[in-house]
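Given next are the chains, with one letter for each unit.
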Amino acid sequence: MRCMLIIRTCAVRIIIGGILPVLYRGTVATVLFISVLSLPPARARAEYLLDAGDVVEIVLYGVADFNRRAAVNIDGNVAVPFLGEVRAAGLSIAGLREEIARRLEAEGYFRGPHVTVELTELRPFYISGDITRPGAHPFRPGLTVRHAIALAGGYNVLRFQAENPLLATPEIQGRYDSLWVDLVTRQARVLALQAAMEGRTDIDFSVLNSAPLPKATIDKLTQLERTGTNLRLETHRRQLDYLRRVVAQAEQEIKPLEELVTRQDESLAMQIGATERAAANSARGVTTNNRLDEERRALAFLRGQQIDARARLSAARRQLEEQRLALGRIESERQQGLAGELIGALAELERARSQVRATAEQLLYAGAMRSQMYARDGTGPNLTIVRRNGSAEEHLQVSEDTPMQPGDVLEVSARLNRVVVAPQD
């Protein structure tokens, strides 16, 4: 037995050492086999509907002060500039976007507004009962009941025997699964940021396929990252297009002003000559003083027009220069922002990788005995999910592998009398 444990320890250190290791297939597989994340049921894969606790980011192109991040309040509404509270509960992301755009146009604020709505935070799930840290916890894609229990600190009735690694196996295994989801998510984020900094629209996520997670789960995580990256890229492109249109419009406004100033300069020069001739003729008594006064008034009027036109031309040129600077600055700021995000993402990736290594060592030590924790009939703690279905509530008896949904309430009732130690041979 001692030799076998030494071999398994070496195997874990080898397979965890890389960025995304592949679980060793053989003897170690029987020890380190983990319950993979199962896909949500058909109803959970349906279009996501907003509810209290969700946080959305609302963007109106061309109106920077409009953009904001807002949470769906307890009444199911979200605060939107100009409109006040807009009903969000029960709507999809697309439905909320269409409702905001429709009301902005219907109430006369904008014509054809381009509104985007992005879900930035899912509403939390709740856990109660025989658990270490009951209460609200942040929801993550791919979360199962096992992950939820791990995030809440594990079963409370077993904590007095926490020194026993046999009883810690479910918590370690759930944490191991959750950490792998977190690691893959962060690695996908790093790959997306690197592609964005290099100006590439294609992101190669194939390196993530070696992770010990279901292919469908990896595809879902990478698709979410790809969608978010494409949305940010589209937002950047729209900002560039908007500034380019502003610059082109400013250039078109300057040309007629320049022509107007040229014409006024010519008219002013002619009027100066006419005034000078009238003054000379008046001195000789050929022209009346009234005529001289008319010429001088005309000269003063033309000079006033010239001053106004030159001021308008100067303001238009200044505005054009500011828009050109903004157009050149937007790409630089984007690169700086991406670099900062990438540095933070790499640091988080290293942290997640370190946690996976540490948890894998714990799982090697305790995971081989997991089947001895429960009675031979395979029963364990009583797990119930209370889930809203419209105005009604559903009470579902579940297992540790059951997928969770945002807003679920997980009730845990551990049955210690069913936990046994395997008999000695």
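Once a new chain begins, its residue numbering starts again from 1 and follows that chain's sequence as written. Restriction of local features to residues with pLDDT of at least 70 applies here, the model being predicted, together with a cutoff of 80 or more for giving and counting side-chain atom pairs; totals for whole chains, interfaces and linings are based on all residues. Each side-chain value is derived from all of the structure's non-hydrogen atoms; neither hydrogens nor water enter the calculation.

Asks: Tell me about the environment of Gly 174, and name the residues and values.
Replies: Put simply, DSSP marks the helices as runs of H or I at least four residues long and the strands as runs of E at least two long, and each gets a number from the N terminus on. One can find Gly 174 in helix α5 (residues 165–197). For Gly 174 and Asp 401, which are 227 residues apart along the polypeptide, the C-alpha to C-alpha distance reads 9.7 Å. Should any heavy atoms of two residues lie within 4.5 Å, those residues are counted as being in contact. Once residues within four sequence positions are removed from consideration, Gly 174 is found in contact with Arg 146, His 147 and Ala 150.

Asks: Talk me through the UniProt feature "coiled-coil region" (unreviewed entry) in the protein chain; I want residue IDs and the actual numbers.
Replies: UniProt positions are given in the numbering used here, feature names are shortened, and annotations may be inferred rather than shown by experiment. UniProt records the feature "coiled-coil region" (unreviewed entry) for residues 233–260 in the present numbering. Span residues 233–260 is 100% helix and 0% strand, its end C-alpha atoms 41 Å apart.

Asks: Hey, could you go over the confidence of the model for the protein chain for me, with residue numbers and the actual values?
Replies: Predicted coordinates in areas of low pLDDT are best not read in detail. Chain-level pLDDT for the protein chain is 76 on average; 79% of the residues reach the 70-or-more range. Long-range and interchain partners of residues 1–45, a stretch whose pLDDT sits below 50, account for 82 contacts in this model, where long-range means more than four residues apart. A residue's pLDDT is simply how confident the predictor is in it, with values from 0 to 100. Scored below 50 in pLDDT, residues 367–378 shows 34 contacts in the model against residues more than four places distant or in partner chains.

Asks: Explain the pattern of salt bridges residue by residue, including any values.
Replies: The salt bridge definition used is simple: a Lys or Arg side-chain nitrogen within 4 Å of an Asp or Glu carboxyl oxygen. According to the stated counting rule, one finds 22 salt bridges in the structure shown. The residue Glu 251 makes a salt bridge to Arg 324 at a minimum N-O spacing of 2.8 Å. Taken together, the positions of Glu 251 in helix α6 (residues 215–284) and Arg 324 in helix α7 (residues 289–366) put the pair 73 residues apart, joining distant regions of the chain. One salt-bridge network, held together by shared partners, links Asp 182, Arg 186, Glu 348 and Arg 351.

Asks: Please provide a residue-by-residue account of the side chain of Thr 222, values included.
Replies: One can find Thr 222 in helix α6. Thr 222 has contacts with Phe 205 and Leu 208, leaving out every residue within four places of it along the chain.

Asks: Quick one: what's the story with the pairing of strand β3 (residues 77–80), residue by residue and with numbers?
Replies: Looking along a regular strand, one sees side chains alternate from face to face of the sheet. Summarising the sheet, β3 and strand β4 (residues 84–87) pair through 4 bridges and their orientation is antiparallel. Pairing of Val 78 across the sheet is with Val 86, part of β4. Following β3, the chain reverses through 3 residues before pairing antiparallel with β4; Phe 82 in that reversal takes a positive phi of roughly 75 degrees. In this scheme, strands are said to pair when DSSP sees at least two bridges between them.

Asks: Explain the sheet that holds strand β5 (residues 115–121) to me, using residue names and the numbers behind them.
Replies: A sheet is described by the order of its strands in space; here 3 strands give the open sequence β2-β1-β5, paired in antiparallel fashion. Each edge of the open sheet is held by one strand with a lone partner, namely β2 (68–71) and β5. On average, adjacent strands in this sheet sit at an angle of 30 degrees to one another, irrespective of strand direction. Strand direction decides the pairing type here: strand β1 (residues 55–60) and β5, joined by 6 bridges, are antiparallel. Looking at the pairing, Val 56 lines up with Leu 119 of β5. Inter-axis angles, ranging from 0 to 180 degrees, are taken between N-to-C directions of lines fitted to C-alpha atoms, where helices are fitted over the stretch in contact. On top of the sheet, helix α3 (residues 93–106) reaches β1 and β5; it is set at about 140 degrees to β5, its chief contact.

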